[in-house]
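# Architecture at a glance
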Amino acid sequence: MKQIVVSGIRSTGNLHLGNYYGALRNFIQMQNEYECYFFIADYHSLTTHPDPAMLHPNVKSILAEYLAAGLDPEKSAIYIQSDVPEVCELYTLLNMHAYVGELERTVSFKDKIRKQPENVNAGLLTYPVLMAADILQHKANLVPVGKDQLQHLEMTRKYARRFNTIYNTELFPEPDAYKFHGEPIKIPGLDGSGKMGKSEGNCIYLNDEDKVLTKKVMRAVTDQGPTEMNQTKPEVIENLFTLMRVVSAPDVVEHFNNLYNNCEIRYGDMKKQLAADILTVTAPIRERYNEIVKDEDYLRKVAAMGAEKARESSARTLEEVRKAMGFRRF
Ligand code: TYM
């Protein structure tokens, strides 16, 4: 039987390189081999109380970016999370076996309460349960995500296992992280702050114009340069190389690595090369995006097709879940 793949991206604005290399690029490769469900997590975006006027435009731009990057609606179910309200029922049911203690210990929750102490809502606390419902509603086997989502995925596995044990069933498979090139990836920010992320404000967006993108890369934090042959790279320099390993050809990476090891590197040259190689990936996506985003009819059609496929799959699972938990119709 075909393995099932589920993944999503929150609708909090345009997609950045972390989203692309951590998730979207893998979606595109997986769609040819697996039964795939790729969605836009608009419910999840509500945990930070976005402006209602921006909710739909954000969903729309991500849908257009999915398609521009090469997701094919004939191959995968591409849908909007809130178009499949079945997920809310599964979320409610899974919440009965999700314990507050374990939710409070989640790294992303602890992080968020530090960042938004004025808005520690219950949706934030149970974020991983909704994510588990997203995944388990389709009985997924594989979930392509970046490194930052691994703990959430571990919780999904725990909820699946717990449900199966409590109700003496094998209803839910335990989904694995999809490891594309070895380990799940973390795209660093170029400001020396670790991860590239929207709340870090250090993103290179797929939609950035050439000039804007090049300027961001040229501004990447570096140091004075190596002083000893073959010395260990400090984190900010390792970050540049990490990004280069992802976007550039291996011989290009090796070239700059050799220059570094011989203390001959000029960071300006490396950054110019890096910016050019990023643009090779992003510029064609941006061009297609600009066309697709204007085509409301096409976007509507894609979303409707995806929702239909996803609802069917979700409803099937829910029927089994309700039965296992003891619900009966009169
Ligand atoms: P989100 O919207 O924060 O990120 C979407 C995807 O992009 C990856 N990502 C990164 N990967 C590598 N390096 C980075 N700097 C980087 N930044 C983001 C994330 O790992 C993720 O794969 N909770 C999820 C959305 C979600 C989901 C799901 C995912 C909701 N339900 C079910 C999978 C399955 C999230 O907030 O991702």
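Residues numbered from 1 in each chain as written. Predicted model: local features only at pLDDT ≥ 70, side-chain atom pairs only at ≥ 80, totals over all residues. Heavy atoms only, no water.

### Re empty space enclosed by the protein
As a reminder, the rule being used: Cavities and pockets were defined on a 1 Å grid built from protein atoms only: a cavity is a group of points that admits a 1.4 Å probe but offers it no way out, a pocket is an open group of points flanked by protein on both sides within 12 Å along at least five of seven lines, and a lining residue is one with an atom within 4 Å of any such point. Grid points are joined across faces, edges and corners, and a volume is the space filled by probe spheres set on the points. Helical segments are the DSSP runs of H or I of at least four residues, strand segments are the runs of E of at least two, and each set is numbered from the N terminus.
For the structure on display, the rule yields one cavity of 30 Å³ or more. For the largest cavity, the calculated volume is near 40 Å³. Forming the walls of the largest cavity are Leu94, His97, Ala98, Tyr159, Arg162 and Phe163. In terms of residue count, the dominant contributor to the lining of the largest cavity is helix 9 (residues 150-166) (three residues).

### With respect to the pairing of strand 2 (residues 35-41)
When a strand is regular, its side chains alternate between the sheet's two faces. Put simply, the rule reads: In this scheme, a residue with accessible area under 20% of its type's maximum is buried, one over 50% is exposed, and one in between is partly exposed, where area comes from a 1.4 Å probe on protein chains only. Note on pairing: DSSP must find at least two bridges between two strands before they are called paired. Seen with its strands pointing away from the viewer, a crossover is right-handed when the path leading from the first strand over the helix to the second is clockwise.
The buried fraction of strand 2 is high, at six of seven residues. As paired elements, strand 1 (residues 4-10) and strand 2 share seven bridges and run parallel to each other. In the strand pairing of strand 2, Ser7 is matched with Phe38. As a crossover connection, the stretch from strand 1 through helix 1 (residues 17-30) into strand 2 is right-handed. Pairing analysis gives four bridges linking strand 2 to strand 3 (residues 77-80), with the strands arranged parallel. For Ile40, the partnering residue across the bridge sits in strand 3 and is Ile80.

### A look at the domain arrangement of the protein
Here is the rule we go by: Residue ranges for the domains originate in an automatic or database domain assignment. The contact definition used throughout considers only heavy atoms, calling two residues in contact when any of these lie within 4.5 Å. Accessible area that two parts lose when put together, with a 1.4 Å probe and added across both, is what the buried area reports.
When cut into domains, the protein gives domain 1 (4-185 + 296-325) and domain 2 (210-290). Using C-alpha coordinates to define each centre, domain 1 is positioned 32 Å away from domain 2. The interface of domain 1 with domain 2 comprises 10 residues on the first partner and nine residues on the second. Where domain 1 abuts domain 2, roughly 800 Å² becomes buried across the two surfaces, and 76% of that area is made up of carbon and sulfur atoms.

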